[in-house]
Every structure is written in C-alpha cells, then in structure tokens.
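Geometric and topological summary
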Amino acid sequence: GSGGAGRSSTSDWTDAWLECRRGEEGYTYDAKLNGMLRGNLRRRFDRCLVWNNDREGSSSSNNGGGSSILSPVRCDLIGTEVIPGV
C-alpha cells in the first residue's frame, strides 16, 4: 500500500542485484557455479535492498533532505572458489 508514518511500500525499496546486474538471473546459491556445492540447486535466497527515500513526498526520509544517501553501484558473488581441504 501507500507508505505512511512508520510504514513503507515495496516501491520504496530497490533490489541492489537487479539494479546493478540487469538481465542476469541473480542466483546467490548456485551449485553449478560453486565447486564446493553439490547438486544442481540454483536459487536466490538472499537480498540486499536499498531504501529509496528520494521519491517526491516521501514521509520517512531519515536524512531530512529528501535525496537518497545510498545508491547501489556493484554486486558480486563471493566464496565461489573451492577451498583446498574443505
């Protein structure tokens, strides 16, 4: 719904992966790419969301100025290489 005091709508948030890596599947758990995982499971279990407080009329801006402080510029998968002995 529309955001009021103490509430927000899903349109108030940006998914950092989708913003930085448009057109990619965005699996954060990918057994096909990660040599330390078995099987074929490919899913997006976790998210990194960025608050969009730069929308006109935002009632919950924390910085008082009405412009967003954070803007995603890069998202990468980490821990995808095999660790010897593990």
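Positions within a chain are numbered from 1, following the residues in the order the chain's sequence is written. Owing to the predicted nature of the model, reporting of local features is limited to residues with pLDDT of at least 70; listing and counting of side-chain atom pairs is limited to 80 or more, with chain, interface and lining totals taken over all residues. Hydrogens and waters are ignored; side-chain quantities use all the structure's heavy atoms.

1. A word on the confidence of the model for the protein
The predictor rates its confidence in each residue with pLDDT, a number between 0 and 100. Here the protein averages 76 in pLDDT, while 71% of its residues score no lower than 70. Numbering of helices and strands starts at the N terminus; helices are DSSP runs of H or I of at least 4 residues and strands are runs of E of at least 2. Within the protein, strand β3 (residues 42–43) carries the highest mean pLDDT (92), whereas strand β4 (residues 49–51) carries the lowest (86). Contact criterion: two residues are considered in contact whenever any of their non-hydrogen atoms come within 4.5 Å of each other. Within the model, the stretch residues 57–63 combines pLDDT values under 50 with 10 contacts to residues more than four positions away or in other chains.

2. Remarks on the environment of Y27
With respect to the helices and strands, the residue Y27 is situated in the loop between α1 (16–20) and β2 (29–30). Only protein chains enter the accessibility calculation, which uses a 1.4 Å probe. A residue is then buried if its area is under 20% of the maximum for its type, exposed if over 50%, and partly exposed in between. What makes Y27 partly exposed here is its relative accessible area of 23%. Distance from Y27 to R42, taken between C-alpha atoms, is 6.0 Å for residues 15 residues apart in sequence. Dropping the residues within four chain positions of it, Y27 is found in contact with R42, R43, R44 and L77.

3. With respect to the packing of aromatic side chains
Here the aromatic set is Phe, Tyr and Trp, taking the six-membered ring for Trp, and pairing holds for ring centres within 6.5 Å; pairs whose planes are under 30 degrees apart are stacked, those over 60 apart are edge-to-face, and all others are tilted. Under the defined criterion, the tally for this structure stands at 2 aromatic pairs. Taken together, a centroid distance of 4.9 Å and an interplanar angle of 70 degrees make the contact between W13 and W51 edge-to-face. Of this pair, W13 sits in strand β1 (residues 13–15) while W51 sits in strand β4, and the two are 38 residues apart along the sequence. Plain terms: the ring middles of Y29 and F45 are 5.6 Å apart, the flat faces sit at 65 degrees to each other, and that makes the pair edge-to-face.

4. Comments concerning the side chain of T14
As for its position among the elements, T14 is in strand β1. If we skip the residues at most four places from it in the chain, T14 touches E19, C48, L49, V50 and N52.

5. A few points about the pattern of salt bridges
Here, a salt bridge means any side-chain nitrogen of Lys or Arg that lies within 4 Å of a carboxyl oxygen of Asp or Glu. For the structure shown, the criterion picks out 8 salt bridges. Across the pair D76 and R21 runs a salt bridge whose closest N-O atoms are separated by 3.4 Å. Taken as a pair, D76 in the segment after β4 and R21 in the loop between α1 and β2 lie far apart in primary sequence, 55 residues in all. Note that E25 and R42 form a salt bridge whose closest N and O atoms lie 3.8 Å from each other. Taken together, the positions of E25 in the loop between α1 and β2 and R42 in strand β3 put the pair 17 residues apart, joining distant regions of the chain. Exposure remark for E25: the relative accessible area of 56% places this residue in the exposed category. Judged by relative accessible area, which is 23%, R42 ranks as partly exposed. The network of salt bridges with common partners includes R21, E24, R74 and D76.

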